[in-house]
Amino acid sequence: MTIGIGADDLLRFESLGDNCEFGFVLRRLSCEAGSLFRWASMKPDQLLAKLRANFDGMYRFENLSPLRTGMVLDSAYGIGWHSDMKSDVAGGRLVFRDDEATRRAMHRRETRKIQYLQAKFTARAAMGGVIFVVKSNPGIAPATIDGLYEALAALAGHDDFALLEVQATDDPSRIGRVDWQRPGLMRGHVTRFAPYHQADDIDAAAWFSIVQGALRLFPCHDWTQRHAALRIGTPDALVQLRFPFGPDQDMGKPITGDLRAGTARLLNGNSWCRPYEGMFRLHGPDPEKPGTTLRWTGVHAPGPFHLGATLRCPLRDSVPLRVAVAIAAEDGATLAEERFEVHPGRATDLVLDAPGLKGPLTVSLTVNAVRPLAEGERAVLDLSAPALHPEQVPAVALPAKAA
């Protein structure tokens, strides 16, 4: 459904969970950007405890137990996560389907993604301009709202954000409205929340109106530039892959940068492939043609790592794209690979795990249109600067006032 909200504007919203309801709101608006709590199940008090603890002990293997057939419960905070560690009912209770060794392998993959999303959450908070959305079907105590705002301000290091609390009401004059309650805190109203057993049963009209209203009340005129400059993770720990040189750069001058990032090349691209607003714009050819490829050679990884980036199809009239990402060793052996499909107006998080090797690696990303292009059609992908994130994401120390 289109209601006149740009894809970039939707990226300003960050779900604070309760359940997946706001995640489904964003999905109805064609926003698929991943975030730490978008698909998590937790109460606002549990969220507050996690923020105050600086995510300490989050998603440890020994703390996970079956919650539902496709979810696990993290007993450290009482938070439910969607997981590949599936469960079945046996003897009247849920038991894990796979043995411990299999589950530990799944857990390692899922932990890397959660660590990446945690680093992304922290980086976005520090960036400013974000609208954090919180709701709870039974309601939220004012003291919890105050605590969430204080914890977010401590995490961000500033107050350039908005906390949007959404409540249910039967007052027609409030439905779909958003108002400031005080500086930094907005409140919006829906007719009802989705039931917990069916989180996609949203009050779409009210939610969409709230999204529009929040953007009007809390504008961020330089959001595109802020978002393009976003770097996820600790700069001295990750390896940031550079984009290829632009056609206007003086190749006679030395280029400084992280030597671990290797050399970037663009293959099979056209003149429209270029750096654009802090990202790199790629145009995908017909599926039967060689794909447009970004390739980094001579990359040296910081031990075991995951490759992280954001894929976005920025034009609503674009043909969807297929994206193939691969990481190969020096001898050409494939270490990790994954395929994505990216649709207009949507963003997708790329998180690809790889083991640590001493030798140089090759990272490649190839795009094609999902179908042959008619005359005048195009398939456009924007890629944020990819980075190799170490297996462990360092914690970010919170100021004392959040403790």
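Naming follows an unreviewed UniProt entry, where the protein appears as DUF4832 domain-containing protein of Azospirillum formosense.

**A few points about the overall build of the protein**
Helix and strand counts for the protein stand at seven helices and 22 strands. For the protein, the C-alpha radius of gyration of 22 Å lies close to 22 Å, the compact-globule estimate for 403 residues. Dimensions of the protein along its principal axes, counting C-alpha atoms only, are 65 × 50 × 45 Å. Burial status across the protein gives 52% buried among its 403 residues. Long-range contacts, defined as pairs at least 24 residues apart, comprise 69% of the intrachain contacts of the protein with a sequence gap of at least 6. Summed over all atoms, the accessible surface of the protein reaches about 18100 Å², with 51% contributed by carbon and sulfur.

**Quick word on the side chain of Ser15**
Looking at the element boundaries, Ser15 is found in strand 1 (residues 13-15). Assessed through its relative accessible area of 2%, Ser15 is described here as buried. Among the polar contacts listed, one links the side chain of Ser15 to the backbone nitrogen of Gly17, at a separation of 3.1 Å. Excluding its chain neighbours within four sequence positions, the residues that come into contact with Ser15 are Phe22, Phe37, Arg38 and Val133.

**Considerations on the nonpolar core**
Of all hydrophobic cores here, the largest spans 77 residues; its most connected members are Phe37, Trp81, Phe121, Ile131, Leu163 and Trp207. Broken down by element, this core gets its largest block of residues, nine residues, from helix 4 (residues 100-127). If you look at the next biggest cluster of nonpolar residues, it comprises 37 residues, including Leu241, Leu361, Val367 and Leu381.

**Digging into the sheet that holds strand 12 (residues 263-267)**
Strand order in the open sheet formed by five strands is 12-15-20-17-18, and the pairing between neighbours is antiparallel. Both outer strands of the open sheet, strand 12 and strand 18 (334-342), are each paired with one neighbouring strand and no more. Ignoring strand direction, the axes of neighbouring strands in this sheet form an average angle of 10°.

**Some points on the packing of helix 4 against helix 5 (residues 142-156)**
Between helix 4 and helix 5, the least distance of the axes is 8 Å, while the angle of their chain directions is 90°. Considering their axes alone, helix 4 and helix 5 lie roughly perpendicular with respect to each other. Between helix 4 and helix 5, the contacting residues are Phe121, Thr122, Ala125 and Ala126 on the first element and Leu152, Leu155 and Ala156 on the second. The residue makeup of the contact of helix 4 with helix 5, split by class, is six nonpolar, one polar and no charged.

**Some thoughts on the state of the cysteines**
For the structure on display, the rule yields zero disulfides. For Cys31, which is in no disulfide, the shortest distance to another cysteine sulfur is to Cys313 and amounts to 13 Å. Free of any disulfide, Cys273 has its nearest neighbouring cysteine sulfur in Cys313, separated by 14 Å. Judged by its relative accessible area of 9%, Cys273 falls in the buried class.

**Focus on the side chain of Ser384**
Structurally, the position occupied by Ser384 is in the loop between strand 21 (380-383) and strand 22 (387-390). Looking at Ser384, the relative accessible area reads 17%, which means it is buried. Only 2.8 Å separates the side chain of Ser384 from the backbone nitrogen of Thr310, close enough to count as a polar contact. Apart from the residues within four sequence positions on either side, Ser384 is in contact with Phe243, Met279, Ala309 and Thr310.

**Examining empty space enclosed by the protein**
Applying the stated criterion to the full structure yields three cavities of 30 Å³ or more. Quantified by volume, the largest cavity comes out at close to 310 Å³. Going through the elements one at a time, strand 1, helix 4, helix 7 (223-228), strand 16 (305-312) and strand 22 are the ones with two or more residues in the lining of the largest cavity. Each residue belonging to the lining of the largest cavity can be placed in one class, and the counts come to 15 nonpolar, nine polar and four charged. Counted as a void, the second largest cavity has a volume near 50 Å³. Lining the second largest cavity we find Asp8, Trp223, Thr224, His227, Ala228, Glu277, Met279 and Arg312. With four residues, the single largest contributor to the lining of the second largest cavity is helix 7. Here the lining of the second largest cavity is built from residues that sort into three nonpolar, two polar and three charged.

**A look at the sheet that holds strand 10 (residues 185-190)**
Within a sheet, adjacent strands bond to each other through the backbone by hydrogen bonds, running parallel or antiparallel. The mixed open sheet is built from five strands, whose spatial order is 1-7-8-10-9. Two strands bound the open sheet, and with one partner strand each, they are strand 1 and strand 9 (178-182). Here the strands of the sheet are splayed against their neighbours by 30° on average, with no regard to which way each runs. In this structure, strand 7 (residues 131-135) lies alongside strand 8 (residues 162-168), joined through five bridges in parallel fashion. Within the sheet, the bridge partner assigned to Ile131 lies in strand 8 and is Ala162. Of the strands in this sheet, strand 1, strand 7, strand 8, strand 9 and strand 10 are in contact with helix 6 (residues 204-217), which crosses strand 10 at around 160°.

**Considering unusual backbone geometry**
Note on backbone geometry: most residues besides glycine have negative phi, and most peptide bonds are trans. In this structure, Tyr59 is a non-glycine residue whose phi angle is positive, near 65°. With respect to the helices and strands, the residue Tyr59 is situated in the loop between helix 3 (44-52) and strand 2 (64-68). In this structure Tyr59 comes out as buried when scored by relative accessible area, which is 2%. Despite not being glycine, Asn268 shows a phi value in the positive range, around 65°.

Conventions used here
- Just so you know, the residues in each chain are numbered from 1, in the order the chain's sequence is written.
- Selection of residues for local features in this predicted model requires a pLDDT of at least 70, selection of side-chain atom pairs for listing and counting requires 80 or more, and totals for whole chains, interfaces and linings are taken over all residues.
- Hydrogens and water are ignored here; the side-chain numbers use all heavy atoms of the structure.
- Helix and strand definitions here come from DSSP, where helices need a minimum of 4 consecutive H or I residues and strands a minimum of 2 consecutive E residues; each element is numbered from the N-terminal end.
- With the radius of gyration taken over C-alpha atoms, the globule rule is written as 2.2 Å times the number of residues to the power 0.38.
- Burial classes: relative accessible area under 20% of the type maximum marks a residue as buried, over 50% as exposed, and values in between as partly exposed (1.4 Å probe, protein chains only).
- The contact criterion used is simple: two residues touch if any of their non-hydrogen atoms lie within 4.5 Å.
- Each accessible area is a Shrake-Rupley result for a 1.4 Å probe, and residues are judged covered by the shown protein chains and nothing else.
- Each polar contact in these results corresponds to two N or O atoms within 3.5 Å; when the atoms are within protein, one needs to be able to donate a hydrogen and the other to accept it, and residues that are neighboring in sequence are counted only if both atoms are side-chain atoms.
- As used in this record, nonpolar core signifies buried Ala, Val, Leu, Ile, Met, Phe, Trp, Tyr and Cys residues forming a set joined through side-chain atoms within 4.5 Å.
- By definition, two strands form a pair when at least two bridges between them are found by DSSP.
- Only C-alpha atoms enter the line fits that serve as axes; for helices the fit covers just the stretch in contact. Angles between N-to-C directions range over 0 to 180 degrees.
- Should an angle fall under 35 degrees it is called roughly parallel, over 145 degrees roughly antiparallel, and 65 to 115 degrees roughly perpendicular, with every other angle called oblique.
- Nonpolar residues are Ala, Val, Leu, Ile, Met, Phe, Trp, Tyr, Cys and Pro. Charged residues are Asp, Glu, Lys and Arg, and all others, Gly as well, are polar.
- Throughout, a disulfide means two cysteine sulfur atoms within 2.5 Å of one another.
- A 1.4 Å probe that fits but cannot get out identifies a cavity on a 1 Å grid over protein atoms alone, an open set with protein on both sides within 12 Å along at least five of seven lines counts as a pocket, and a residue lines either if it has an atom within 4 Å of a point.
- Grid points are joined across faces, edges and corners, and a volume is the space filled by probe spheres set on the points.

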